[in-house]
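Spelled out from the first residue to the last, the chains are:
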Amino acid sequence: MEELERELQAMLRHRASTMPSSYEASSELVGRTARRRMTKVTAVAGVFVIVVAAAVAGAIGAGATKHRTPFVISNPTTAPQSSSSSTTLPKRNVTTTTPPTSTPSTSSLAVQSLGCPTTSVFAPFAVAAPKVRPRDVDVPGLSSAERRLVRSYVGPRAGFSTDGAVEPDVVLGPKGWSCRVYRHNGGGAELYVFPPSAQDSFGAADAAWTTSEQYDGPEVRVDTAVLGHDPDAALACTVFASDPLVQHWVTSSPIGGQCAAPNGRRITGADGTYAFVDADGTRGVGVMRVRATTPTLDGDFSIVTCKLTGREAALCDAILSDYVTRYAGAPPVIDHVRARTGRGGVVALDGRIGLLHLSQSTEADVRSVAGAPNATAQASFEAGSSNATAALPDYRALGYDCTATATSVRIPLVVQPALRGPYCATIYFINVSTHTLAAFESTSPNYGTQNGTKVGMTPDGAQRREGHGLIPHGCLGSFIELGSLYAMGQPITTAAGIVIYVGPNAGDLVSSLATESNTNPVGMLFC
Amino acid sequence: VLTAGNGSARPGDGGPSFAELYQAEAAGVASLAYLLTGDRDLAEDLMQEAFLRVGSRLRHVAPETFGPYVRRTVVNLVRSHFRRAEVRRRHAAAIENEHDIRQRTGEFDSSDAETRDELWRLLQQLPLRQREAIVCRFYLDLSESQTADALGISLGTVKSSTSRGLAALRAAIAQDRAKAQEQ
């Protein structure tokens, strides 16, 4: 060993000797470790429950329909289109579509309206029924006797609570019935209109979520969900299986699988508006609302199921027709992904960032979607990256909404070997070795996770939505970690990792959203 | 050295407890973090975080690999911290506080101490990868292949990082001493 190496060894040992020679694990650390372990187990268990629930639902559906004969959708205009990139989603024209169940009518009727109480998996967990005024509706083809049988039921449609507003959903139903809405974590909502005899199935308690799904009696039910929220793809397939947009969604989603309508369901319609009849006579419609100029999954869809008996059975035509007239062809009120300008969208574990995709999109794609950057820089997340031994590739940063001076809502374009502006609200990081998008960070609330977490939310809200706990003093600061950023020998299971930053000060809100490819990283989230 | 559990046992399945593993490895891990960051408080924070992270995966980590896991974790944490401005400022402050450290260790006038101090300062100025390689090789006494495992890099990168780091230190020392002679 040479002299320098001996001196180094001595210096290092001396320095190390100035540190305490032993540490005791504090009860707080042991507790935090146990809680973190439990959080992971809970998260895994949550996924397991969802998978089991989906399997059970599939089994129930299969059991209920196995005697039915398959039906081939005859409308060739909705044949699937192949597409390999998220930037080539089929565009849809927003035009008023003729309701498939009846012809429009100008006859108008003021009907009583009833607000529906809502139960959510996120705060506010229970919302009392809102008071709503009577409304005028067109009820084509109804006799005067039938007109007296309808009422209007009002509850929230699908939407994320961070959208800032929730659009109401309005559906007709038999007079004298009750209604309730259940809102899911992923933005979806189920509005049930049910007879007094079914009250027990639609309570506010947790168990009512299950019993409502098992309920098999008369009902008018509206399922609404956000387009592009992957767990709802299977629901969309039950009515929109032949729709090009849904076909593309399912084939490009990490969920995969076949997209097919239930056996025995006859579906007609096109261009986002469909009607269906099941083998048992249950009827329904599906309405998809997509922004006209946005080639993306920006919007929502509704599936209305009308299952009435006795003297109310004749109301289904009016109920379904009213719903289609109200919603088909109308643009969605809430812009869930704000992808029209390319300056927003869903950040997903499969690598999607709005219209772009980690490890696939190039700098040209970023410029095409987000426009010309305000600032650019080339650097590395590793100090001394000019050295040939650097393990991390250089990145090229494309900054948007930038300023020359640092602010609390902007991120520096360069952090190594020292922080350097400009400071930008949104930065795309291109791996200069692979020339593809490797990482992304934004302080803009226009971006959100699939569960709806956005900048500006409270940490508690973000934790509830994501099912992951806050790491208060983690290696990246205070953050919520999604995906396998830190595999440590564990198999990497997602295409990307996501970090939801909170802080930096106690009591702060979600401050930025960052994601990095697990296969094409530049080291932004290395920890 | 772990005294509880056998080689195949896993923590939580009759092997050593988290507290035992912590007691066995914490001092070494904290020292490693300190040598890489030059900041005692930060080193202890990172050590705690490393244990928190690896501890949450106890069932997946065999006792004999716990040490390497937690060392690699702390190296990763150090890398991450050096990307953050606050940490860089603290790091700079720690280097500037050498005077205080020398006084605490009672070596202010020792020539050996001056050499160590100079080496320490120069070490902190090396790129992180070179610093990591040198600390692993000359403090932890890890072989090149063990260093490669600990740092998650190739054997070739370990060799070149160590070599370049030593070369940079030699050059810097020569430069410092030349300046001192001029003065």
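Above this text is the structure in question.
Please give an account of the overall build of chain A that cites residues and values.
Counting secondary structure elements, chain A contains nine helices and 27 strands. Here chain A holds 527 residues, and 53% of them are scored as buried. If you take every contact in chain A between residues at least 6 apart in sequence, the share linking residues at least 24 apart comes to 61%. For chain A, the exposed area adds up to about 22300 Å²; of that, 56% sits on carbon and sulfur atoms.

Account for unusual backbone geometry, naming residues and giving values.
Excluding glycine, residues mostly carry a negative phi; peptide bonds, for their part, are mostly trans. Phi at histidine 435 of chain A takes a positive value of approximately 65°, unusual for a residue other than glycine. Looking at the secondary structure, you find histidine 435 of chain A in the loop between strand S21 (420-431) and strand S22 (436-442). Histidine 435 of chain A gets classed as exposed once you look at its relative accessible area, which sits at 52%. Even without glycine at this site, aspartate 141 of chain B takes up a positive phi of about 60°.

Go over the nonpolar core with me, naming the residues and quoting the values.
Leu12 of chain A together with Phe51 of chain B are the most contacted members of the largest nonpolar core, which has 55 residues in total. Breaking this core down by element, the ones donating at least two residues are helix H1 (3-17) of chain A together with helix H1 (18-37), helix H2 (40-55), helix H3 (63-81), helix H6 (111-125), helix H7 (128-138), helix H8 (144-151) and helix H9 (155-182) of chain B. Counting residues per element, this core draws most heavily on H1 of chain B, at twelve residues. By size, the runner-up hydrophobic cluster in this structure holds 33 residues, among which are Val111, Val150, Leu191 and Ala328 of chain A.

Can you lay out the pattern of salt bridges for me, pointing to particular residues and giving the numbers?
According to the stated counting rule, one finds 18 salt bridges over all chains in the structure shown. Residue aspartate 401 of chain A pairs with arginine 410 of chain A through a salt bridge whose shortest N-O separation is 2.8 Å. For arginine 129 of chain B, the salt bridge is made with glutamate 132 of chain B, and the minimal N-O distance between the two is 3.3 Å. Of this pair, arginine 129 of chain B and glutamate 132 of chain B are both found in helix H7, three residues apart, which corresponds to roughly one turn of the helix. When sorted by exposure, arginine 129 of chain B lands in the same class as glutamate 132 of chain B, which is buried. A single salt-bridge network, built from bridges that share partners, covers Arg157, Glu167, Asp169, Arg289 and Asp300 of chain A.

Parameters and conventions
- Residues numbered from 1 in each chain as written.
- Chains lettered and ligands numbered in written order.
- Predicted model: local features only at pLDDT ≥ 70, side-chain atom pairs only at ≥ 80, totals over all residues.
- Heavy atoms only, no water.
- Helix = DSSP H or I, 4+ residues; strand = E, 2+ residues; numbered from the N terminus.
- Buried < 20%, exposed > 50% of the residue type's maximum accessible area, 1.4 Å probe, protein only.
- Contact = heavy atoms within 4.5 Å.
- Areas by Shrake-Rupley, 256 points an atom, 1.4 Å probe, with all protein chains shown as cover.
- Core = buried A, V, L, I, M, F, W, Y, C linked by side-chain atoms within 4.5 Å.
- Salt bridge = Lys/Arg side-chain N within 4 Å of Asp/Glu carboxyl O.

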